[in-house]
Amino acid sequence: MTKKIEAIIREEKIDDVKNALKEIGIVGLNVSKVRGHGRQGGISLVGRSGPYQVDMLPRLQINIILSDHNVDKTIDTICTAVGTGSIGDGMIFVFPVEEVIRIRTGERGYEALMYPGDIDVRQESAVAAD
Ligand SMILES: Nc1ncnc2c1ncn2[C@@H]1O[C@H](COP(=O)(O)OP(=O)(O)OP(=O)(O)O)[C@@H](O)[C@H]1O
Ligand SMILES: [Mg+2]
């Protein structure tokens, strides 16, 4: 089974999380800019004409498609890399994925998801070495 992890993080944490994910063998991912708010509804700022509410705060969204047995480790890695303990640290959403296709080769599913030296290939070589 394949899953998608969608993590919404603080912009300044992107290098930390990218490095931590690389360490555990996550190879393919994509990042996009998003704006939004969580349960505080944004933040209040004080301007010259008084306080005002900024309700769409900039964040980065990281998408990773991966085998479901790697989901927990990847979530732990993201939380450790981006967590500050303060409000606004972000959210992680996990979705089921129907299909994966590598356009160049036409490979599908697990074949399309594998990259040389990635988290799955490392596990396979660890098992083979036992
Ligand atoms: N329910 C949601 N659906 C979609 N995106 C969300 C949701 N909640 C938060 N986000 C996104 O995550 C970003 C960060 O959310 P945030 O960390 O403030 O969540 P929170 O639930 O308010 O937690 P905290 O109390 O720690 O602030 C938001 O700016 C928004 O982009
Ligand atoms: Mg919040």
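Look up: the structure comes first, before these words.
Presented here is a report on the structure given in the accompanying data block.

Procedures and definitions
Residues numbered from 1 in each chain as written. Chains lettered and ligands numbered in written order. Predicted model: local features only at pLDDT ≥ 70, side-chain atom pairs only at ≥ 80, totals over all residues. Heavy atoms only, no water. Near = heavy atom within 4 Å. Polar contact = N/O pair within 3.5 Å; in protein donor to acceptor, adjacent residues only side chain to side chain. Areas by Shrake-Rupley, 256 points an atom, 1.4 Å probe, with all protein chains shown as cover. Helix = DSSP H or I, 4+ residues; strand = E, 2+ residues; numbered from the N terminus. Buried < 20%, exposed > 50% of the residue type's maximum accessible area, 1.4 Å probe, protein only. Contact = heavy atoms within 4.5 Å. Salt bridge = Lys/Arg side-chain N within 4 Å of Asp/Glu carboxyl O.

**Brief notes about the site of ligand 1**
Link 1 in the chain: In the vicinity of ligand 1 lie 13 residues, with Gly36, Arg39, Gln40, Gly88 and Gly90 positioned nearest.
Link 2 in the chain: One of the backbone nitrogen or oxygen atoms of Arg39 is found 2.8 Å away from an oxygen atom of ligand 1.
Link 3 in the chain: The separation between an oxygen atom of ligand 1 and a polar main-chain atom of Asp89 is 3.5 Å.
Link 4 in the chain: Considering ligand 1 on its own, with 610 Å² of exposed area, one finds that the protein chains cover 72% of that surface.

**Looking at the side chain of Gln61**
Link 1 in the chain: Tracing the chain through its elements places Gln61 in strand β5 (residues 57-67).
Link 2 in the chain: The exposure class of Gln61 is buried, given its relative accessible area of 13%.
Link 3 in the chain: For Gln61, the side chain forms a polar contact with the side chain of Asn63, separated by 3.0 Å.
Link 4 in the chain: In this view, Gln61 contacts Glu6, Ala7, Ile8, Asn30, Val31, Ser32 and Val34; residues no more than four positions away in its chain are not counted.

**Quick look at the environment of Asp89**
Link 1 in the chain: Within the secondary structure, Asp89 sits in the loop between α2 (71-82) and β6 (91-97).
Link 2 in the chain: Not counting residues up to four positions away in its chain, the partners in contact with Asp89 are Ile8, Ile9, Arg10, Val82, Gly83 and Thr84.
Link 3 in the chain: At 2.8 Å, the side chain of Asp89 forms a polar contact with the side chain of Arg10.

**Regarding the pattern of salt bridges**
Link 1 in the chain: Under the counting rule described, the total for this entry stands at 6 salt bridges.
Link 2 in the chain: For the salt bridge of Asp89 with Arg10, the shortest nitrogen-to-oxygen distance reads 2.8 Å. Taken together, the residues span a long stretch of sequence, with Asp89 in the loop between α2 and β6 and Arg10 in the loop between β1 (2-9) and α1 (14-24) at a distance of 79 residues. Comparing Asp89 with Arg10, the two get one shared label, buried.
Link 3 in the chain: Among the salt bridges present, the one from Asp15 reaches Lys18, with a minimum N-O distance of 3.6 Å. Taken together, the positions of Asp15 and Lys18, both in helix α1 and 3 residues apart, correspond to about one turn of that helix.

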